[in-house]
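# Fold and geometry: a report
The residues making up each chain are set out below.
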Amino acid sequence: MVLKVFFPSCCSSADSGILIGRWISEQNSAVILAVVHFPFIPVQVKQYLGEVQRVTKVSVSVLGSWNNSKQEKEESLSEFLEDLGTIFCHEPWIQISKEGDSKFWSCSTLKKHSKNPQEEEIILVYYDQRKVMLSHLHPPLDTAGQGAEDASKLSAIFDTVARSQVLFMTDRYDEGPIKLTHWQSDGVEASIIVELLKQASVPACMLLTFLLSLVSGVCRSRVLKFWPLSFLWSKLSTCEQLGHRLQHLQVISSNKKAQNQTQLMRKANIFVSLLIDVALGILLMSWLYRKNRIGHLADTLIPVADHVAEELQDLLQWLMGAPAGLKMNRALDQVLGRFFLYHIHLWISYIHLLSPFIEMILWYVGLSACLGLTVALCILSDIIALLTFHIYCFYVYGARLYCLKIYGLSSLWRLFRGKKWNVLRQRVDSCSYDLDQLFIGTLLFTILLFLLPTTALYYLVFTLLRLLVVIVQGLIHLLVDLIDSLPLYSLILRLCRSYRLAAGVKFKVLEQQDGKPLRLLMQINPLSYGGVVQMYRLPTYSCYPRDSWASLCKKLFLGELIYPWKHKGDKQN
């Protein structure tokens, strides 16, 4: 059998002593965690390891001896280290020695209680203890096959080092009976800024939790459940985004400790996302209020709205004539054209009525950017929806009229074939019609068929205009979803400290010689950027429809409405 010994590279220069770690019998592996060097008392070592086991729930024990001989021969020390195997009683007893400046190490095992001792092949694997302890080994995306089995074996090694953090909290400056060598033996890593932030975060989280409880109480009150406010809350994307950010703040300010690494990374990603979102919003707000850009924007908005209205009037005049040489039903064409021209006239009057207040409205809207760039983008989407409300009305009128004719023609077509739609059973059944019903059905079918091109042309034009507005709003919401869902903290961590997000390991051969153990170096393979986004992507509220192309084409053909928001009854994709 092959014996695998995982040895921390930080202990390669430690003084002679004993090796403490965990023995994994299922893998025939030994994970060395630290070196206890002389002088020590065996009883005190056993008591210390018992306390470590009680705290970490890891079966830490003495696995063998470590001999770092500075001189050529130290036979007495070697014999003493070999005799320690009878005191601590571990089978097998691992003996690792380094002779002077030699680059080759000797590693052997003793099995005193074995009747048939067999020489085992030993593989000595070096690992960076700090990186392994701080990293989190992610399971493979494909959890079937040999990859899942290898990942479970590696996770046992990573879990052993991570759970033994208490063992690494002692350094050489501690006045204790036991002196250890590990990755923090020269001094425990700490930061004054981090410690101050930890102390300040407790009252800050308590204050934020109190304020959020008040806001949540107001949001859950019955006042917002009445018709006007509930309608606005469900239709405006700004309200949806504010509610989404409120949930994020509640997650961050929660006093519950993260149960695992995934929850901790989720909190960190939400915090960084909020921080960057607010920073970008403040930059936008400072840009808007500099050099009177709000006033220039208000002065530009009214002429743009008038220009859009004039272009719509020219488009309607073109449709009321002979568009592209098509022969239209003149009576229906004139009725529809005048109807839509009247709506444009009402819209222009409405815009000019609000023109004195546009600058003041934009000034207060600009202040909302301090809540975050995503809130400002959602307000922009709602403003676009309000400024193009007349186009939405045209689209609704045309879609309803077109839908009525399509369903009327399909019903009359079933009448010609002697069939009808069974409402109760939701299917088409056979039916017998008399002569009067067939005659009236023929007249209605002829009328609807000859009026369909005129209606379809108006529907097509206003649907294209509506799709243009929906595409602009969709791009805005895609940007909002990108800011909301992108795991920025994980991506920054992947860029700066890639070993924290481990996808696996790779082994590099250091030295190989006959009669000597094979020496390997274990290196951490980080997650790819795509894997980081896939694993730590934050959920979004998805207020915008995400229909497939087939579903969208079906809605357009049947004249069904394309809404700029997602209803509460719809399913999230």
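Residues numbered from 1 in each chain as written. Predicted model: local features only at pLDDT ≥ 70, side-chain atom pairs only at ≥ 80, totals over all residues. Heavy atoms only, no water.

## Quick look at the overall build of the chain
Per the secondary structure count, the chain includes 17 helices and 13 strands. Residues counted as buried form 40% of the 573 residues belonging to the chain. Carbon and sulfur atoms make up 63% of the accessible area of the chain, which amounts to about 33400 Å² in all. (Helix = DSSP H or I, 4+ residues; strand = E, 2+ residues; numbered from the N terminus. Buried < 20%, exposed > 50% of the residue type's maximum accessible area, 1.4 Å probe, protein only. Areas by Shrake-Rupley, 256 points an atom, 1.4 Å probe, with all protein chains shown as cover.)

## A short note on the UniProt feature "transmembrane region" (unreviewed entry) in the chain
As annotated by UniProt and renumbered to match this structure, "transmembrane region" (unreviewed entry) occupies residues 200–219, 270–289, 335–354, 361–388, 394–416, 437–461 and 467–492. Within the segment residues 335–354, helix and strand shares are 100% and 0% respectively, and the terminal C-alpha atoms sit 29 Å apart. What you have in residues 394–416 is 100% helix and 0% strand, and the ends, taken at the C-alpha atoms, are 33 Å apart. (UniProt positions renumbered as here; feature names shortened; annotations may be inferred.)

## Regarding the pairing of strand β13 (residues 518–526)
Summarising the sheet, strand β7 (residues 121–127) and β13 pair through five bridges and their orientation is parallel. Residue I123 lies in a different strand from β13, and its bridge partner there is L518. Where strand β12 (residues 501–511) lies against β13, eight bridges are found, and the strand directions are antiparallel. Each bridged residue has a counterpart across the sheet, and for K506 the counterpart in β13 is Q523. Counting the residues between successive antiparallel strands, the hairpin from β12 to β13 contains six residues, one of them, G515, with a positive phi of roughly 80°. (Pairing = 2+ DSSP bridges.)

## Concerning the confidence of the model for the chain
Taken as a whole, the chain shows an average pLDDT of 79; of its residues, 79% reach a score of 70 or greater. Across the chain, helix α15 (residues 488–496) holds the top mean pLDDT of 90, while helix α2 (residues 75–88) sits lowest at 63. Considering only residues more than four positions removed or in separate chains, one finds that residues 565–573, a stretch of pLDDT under 50, has twelve contacts. (pLDDT = per-residue confidence, 0-100. Contact = heavy atoms within 4.5 Å.)

## Description of helix α12 (residues 373–387)
Taking 1.5 Å of rise per residue, the 15 residues of α12 would be expected to cover 21 Å, and the 21 Å separating its terminal C-alpha atoms lies within 8% of that figure. Taken residue by residue, α12 has L373, T374, V375, A376, L377, C378, I379, S381, D382 and I384 as its buried positions. (Expected span 1.5 Å × (residues − 1).)

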